[in-house]
Amino acid sequence: MTKRKEVRIIRRTIILIGVVAGVAMALAVLGGGGTASADGGPHVVETGATPDKCAACHRIHTGQNDFLLKEAGTVEDFCFSCHGNGGPGSDLAVQEGTFYGGTTPGFPYGGKTASTTVGLRAGGSDTARINTTDASASAIGVLATPETVNSRHTLETLTTLWGNGIVGTPGAGPSYTLECTSCHDPHGNGNYRILRTIPTDSGGAGYAIPDEPDPKVYTTGDYRNMYRGGVAPANPITEPPGAVPGVSILYDTSQWCSQCHTRYLAESGTALSGKPASGGSRVDSGDAIYTFRHTSAGYGYSTFSAPVGFKYNNRACITCHATHGSNAQMPGGATGTTYSSTVEWPDGTLSNPTDLERASLLKMDNRGMCRKCHGSIQ
Amino acid sequence: MSTTDWPQQPGGLPDGGGPSAGGRLRPFVKMAIALLLLAALGWVLLLSAQYCETKQPPSIVPPPVNRLFDKLSFEYVDSINGLQNPMGVAVGQNGRVYVTETGGERMIHVYNSLRQEVGSFAPPDTEALGRVPVYVAVSPNGDVYVSDRDAAAIYIFSPDGVAQGKVAPPKGFEDWHPLGLTFDPAGNLYVADVTPEKHRVIVLDPEGKLKLNFGSQGEEDGQFWFPNGMAVDSQGRIFVADSNNGRMQAFDKDGKFLFKISRGMSSGDLSIPRGIAIDSEDRLLIADTSRAAVQAYHISESAGSDPQSAAVEFLGGFSGDAGSGVSFQFPNGLALDGQGQIYVVDRANNRVQVWKY
């Protein structure tokens, strides 16, 4: 190789490096390396070559907890350092079941006139604001003052994962210790409420729930109707799927819940004439415990006066159940009956008749959720 | 002349390893040039990335280190136990310690300087689940101010816990969500407001009139994302724990941004700062909830006004010792008693730890 050729190569290399550096600087000046707009607040990792939000929670060589977390302690304590009572680091105070960012006009403010504080749709871990005695036909209101939850998705404790496994699996479900991160992906993933596509250790095949566009709706004055703002879908026959962006907020959460509670899910059965496909309750699933089941696939909009052809049966799991925890209770009927508390758990055990956990995350006391849809049955 | 005409060195050179006097460069020279160019490219890219992150001109030469103070040493003293989800702490007249709790009965507990509980109180006409006292501050005259984001209120109590009313939000700020509180020596009240989309600092004079407000929600310098604890020094400089941005920001008395202590993994960097206090010798202490530590800094007198001088010197910190059972779990509020003692809310351990320095 001649000297001239080598000099030419070196010159070209220098020019190339200069061009690359220039482009890099230009990108920098034009703001090409800015931080990402938060989908889930600080959960979303920054873009760019030198993110540092990782340092808020992790240490690479000196972590004191699983997943290189800096601090010892439970995941629950970790999450509640921001999502705890008072919301020191988030508008979503999951511990107290409060959403501090309810700025959508027309939403109830939980009785507070100068605040935008409202109840979380999913209830709370310690307290919740669900009006569990709301007598209105189609809605469930929000309480001004939260109440202690009586049943919840218990965290950090070995408990039964009811109905997990394929239909026909022996037993009521395996034991499992649930953490916030079992269901939520702290790094963000574009799913609705950063839910994991496959809940950790669920054994499910995965079911993504697409995120909704901003502004997100985390709460409602109508805990039964899962549509944005509690409104009815424009076309319950086609919507969803074919949902209207910005109107439909839930994309069949029952499929997602069934990643863990698989044996509970009854999507459809023999449709009755003129009614939604509710025949699941008349179909033997083949499972020894979860044999006949209320259908629970759908998108949360609930009315029994749906038109013929309303093929999405509107009974999402979260139509009746609050995900984090509910202040509903099972005190028994007005005549002193205690039917609910004498119904055994799926594993055959009977709890104390006054065991409030009988509430099973329902949004109404006793069997009030039945009445919301089956109001004509006296 | 061909390379084969060069005499071989003892032991021999690698193939093609001759000098370039005849028009060829030695491979190691080429390699050195290539490495230098690569290093230069990497340096430029690094500066580009740094600019992307900070939007500030890249700093090529590190700032001079101002070592006026010896490193501090810290010693564990005692704990106040039996609390439920405590969040805020303040020290008032006669060494009284006020602690807010957000769990259980959600009271404001009062302790004497010997850390014996002498009473507790709560906002009037509220039940436990209807209140969430988060932060607490004591005014120069000894009155106790307590923030409750849930109630969108700042309650006022006498030193003995007798309710005195509420702070009225200034006009235009009626939708506030008060969180962190502090006073300056003149009795001005500083409120960290986390109203959705309006995160800011509001300053009220002793008559309760709006004196100053600054900041907005965001990540740029001068903006906030869940401001929590605040402190004001003798110069009137305002130090704000910009919690979710993982930094402490300092402002002058007019709310103009001065400097910051950033998030990071190095010694002295922050993660999620919450409680903050400054002592009479301009030593700033910050409780970092996810770092599980309290860190101390010396703030130079000219910090923020002299760009050639280091604004901050990291003096060390403490995170307890897991072996001795005094480690932190998600510390939050922090207060100084003026006697060299630090009160740190150890939230997930349901206690307040007392250290001295």
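This structure is a prediction, so every number in the text was calculated from the model and none was measured. Along each chain, the written sequence defines residue order, and numbers are assigned to residues from 1. Labels follow written order: the first chain is A, the first ligand is 1, and so on. The predicted origin of the model limits local features to residues at a pLDDT of at least 70 and limits the giving and counting of side-chain atom pairs to 80 or more, whereas totals for whole chains, interfaces and linings rest on all residues. Only hydrogens and water are set aside when side-chain values are computed; all heavy atoms of the structure are taken into account.

Caption draft 1: Main features of the packing of aromatic side chains. All names here are of chain B. Centre distance within 6.5 Å is the pairing criterion for rings of Phe, Tyr and Trp, where only the six-membered ring of Trp is used; planes under 30 degrees apart are then read as stacked, over 60 as edge-to-face, and the remainder as tilted. All chains considered together, the criterion is met by 18 aromatic pairs over all chains. For the ring pair Phe74 and Phe318, a centre distance of 4.8 Å and an interplane angle of 45° mean the geometry is tilted. One end of the pair, Phe74, is in the loop between α1 (27–54) and β1 (75–80); the other, Phe318, is in strand β21 (residues 312–318), and 244 residues separate them in sequence. Among the residues examined, Phe74 registers a relative accessible area of 17% and is labelled buried. Throughout this description, buried means an accessible area under 20% of the type-specific maximum (1.4 Å probe, protein chains only), exposed means over 50%, and partly exposed covers the range between. Residue class for Phe318 comes out buried when judged on its relative accessible area of 6%. Ring geometry for Tyr155 and Phe157: centres 6.4 Å apart, planes at 40°, overall tilted. Across this residue pair, the class does not change: Tyr155 and Phe157 are buried. Going along the chain from the N terminus, every DSSP run of H or I of four or more residues is numbered as a helix, and every run of E of two or more is numbered as a strand.

Caption draft 2: Spotlight on the environment of Gly246 of chain B. Residues and elements named next belong to chain B. By secondary structure assignment, the location of Gly246 is in the loop between β15 (238–242) and β16 (247–251). When the C-alpha positions of Gly246 and Arg263 are compared, they lie 4.9 Å apart, and in sequence the two are 17 residues distant. Leave out the neighbours within four places in its chain, and Gly246 touches Ile261, Ser262, Arg263, Leu270, Ser271 and Pro273. For this analysis, residues touch if any pair of their heavy atoms sits within 4.5 Å.

Caption draft 3: Main features of the sheet that holds β21 of chain B. Residues and elements named next belong to chain B. By the convention used here, strands pair only if DSSP detects at least 2 bridges between them. Spatial strand order, β18-β19-β20-β21: four strands in an open sheet with antiparallel pairing. With partners counted over all chains shown, the strands left at the sheet margins are β18 (273–278) and β21, one partner each. Within this sheet the neighbouring strands show an average axis-to-axis angle of 25°, counted without direction. With four bridges connecting them, β18 and strand β19 (residues 283–288) associate as antiparallel partners. Of the residues in β19, the one forming a bridge with Ala277 is Leu285. Note on definitions: angles span 0 to 180 degrees between N-to-C directions of axes, and those axes are lines fitted to C-alpha atoms, for helices only across the stretch in contact.

Caption draft 4: Molecular detail of the environment of Asp282 of chain B. All names here are of chain B. Mapped onto the elements of the fold, Asp282 is located in the loop between β18 and β19. Asp282 sits in the buried class, given a relative accessible area of 14%. Separated by 19 residues in the primary sequence, Asp282 and Glu301 place their C-alpha atoms 8.0 Å from one another. If we skip the residues at most four places from it in the chain, Asp282 touches Asp233, Ser234, Arg237, Tyr297, His298 and Ile299.

Caption draft 5: Representation of the pattern of salt bridges within the structure. Residue and element names in this part refer to chain B. When a carboxyl oxygen of Asp or Glu is within 4 Å of a side-chain nitrogen of Lys or Arg, the pair counts as a salt bridge. The final tally for this structure, using the stated rule, is 18 salt bridges over all chains. Put simply, Asp242 and Arg247 hold a salt bridge, and the shortest N to O gap is 2.7 Å. Measuring nitrogen to oxygen at the nearest pair gives 2.9 Å for the salt bridge that ties Arg283 to Asp279. The class for Arg283 is buried, based on a relative accessible area of 12%. Here the salt bridges share partners, and the residues they tie into one network are Asp175, Asp193, Lys198 and Arg200.

Caption draft 6: Spatial organisation of the pairing of strand β3 (residues 97–101) of chain B. Residues and elements named next belong to chain B. A large share of β3 lies buried, amounting to five of its five residues. Burial along β3 is two-sided: Val97, Val99 and Glu101 facing one way and Tyr98 and Thr100 facing the other are all buried. Here five bridges tie strand β2 (residues 86–91) to β3, and the two strands are oriented antiparallel to one another. If you follow Ala90 over to β3, its bridge partner there is Tyr98. The sheet contact formed by β3 and strand β4 (residues 108–111) spans four bridges and is antiparallel. Considered in β4, the bridge of Thr100 is made with Ile108. The loop that links β3 with its antiparallel partner β4 comprises six residues; one of these, Gly104, has a positive phi angle of about 60°.

Caption draft 7: The nonpolar core, seen in detail. All names here are of chain B. By size, the foremost hydrophobic cluster in this structure holds 17 residues, and its most contacted members are Phe74, Leu285, Val294, Phe318, Leu334 and Ile342. Mapped by element, the contributors of at least two residues to this core are β19, β20 (293–299), β21, β22 (331–336) and β23 (341–346). Buried residues of nine kinds, namely Ala, Val, Leu, Ile, Met, Phe, Trp, Tyr and Cys, make up a nonpolar core once their side-chain atoms join them within 4.5 Å. Ranked by size, the runner-up nonpolar core spans 16 residues in total, among them Met248, Ile261, Ile286 and Tyr297.

Caption draft 8: Looking closely at the confidence of the model for chain A. All names here are of chain A. Residue-level confidence of the predictor is summarised by pLDDT, bounded by 0 at the bottom and 100 at the top. Taken over all residues, the pLDDT of chain A has a mean of 73, while the share at 70 or more is 62%. The least confident element of chain A, judged by mean pLDDT, is helix α1 (residues 3–29) at 54; the most confident is strand β9 (residues 325–326) at 96. Contacts of residues 241–248 to residues separated by more than four positions or lying in other chains number twelve contacts, the stretch itself having pLDDT below 50. Counted against residues more than four places away or in other chains, residues 309–313, with its pLDDT under 50, gives 16 contacts.

Caption draft 9: A look at the state of the cysteines. All names here are of chain A. Disulfide assignment relies on a single distance test, namely cysteine sulfur atoms paired within 2.5 Å. Here the structure, examined in full by the defined rule, presents zero disulfides over all chains. Free of any disulfide, Cys183 has its nearest neighbouring cysteine sulfur in Cys260, separated by 5.8 Å. With relative accessibility at 18%, the residue Cys183 sits in the buried group. Considering cysteine sulfurs only, Cys257 is the nearest to Cys317, which forms no disulfide, with 4.1 Å between them.

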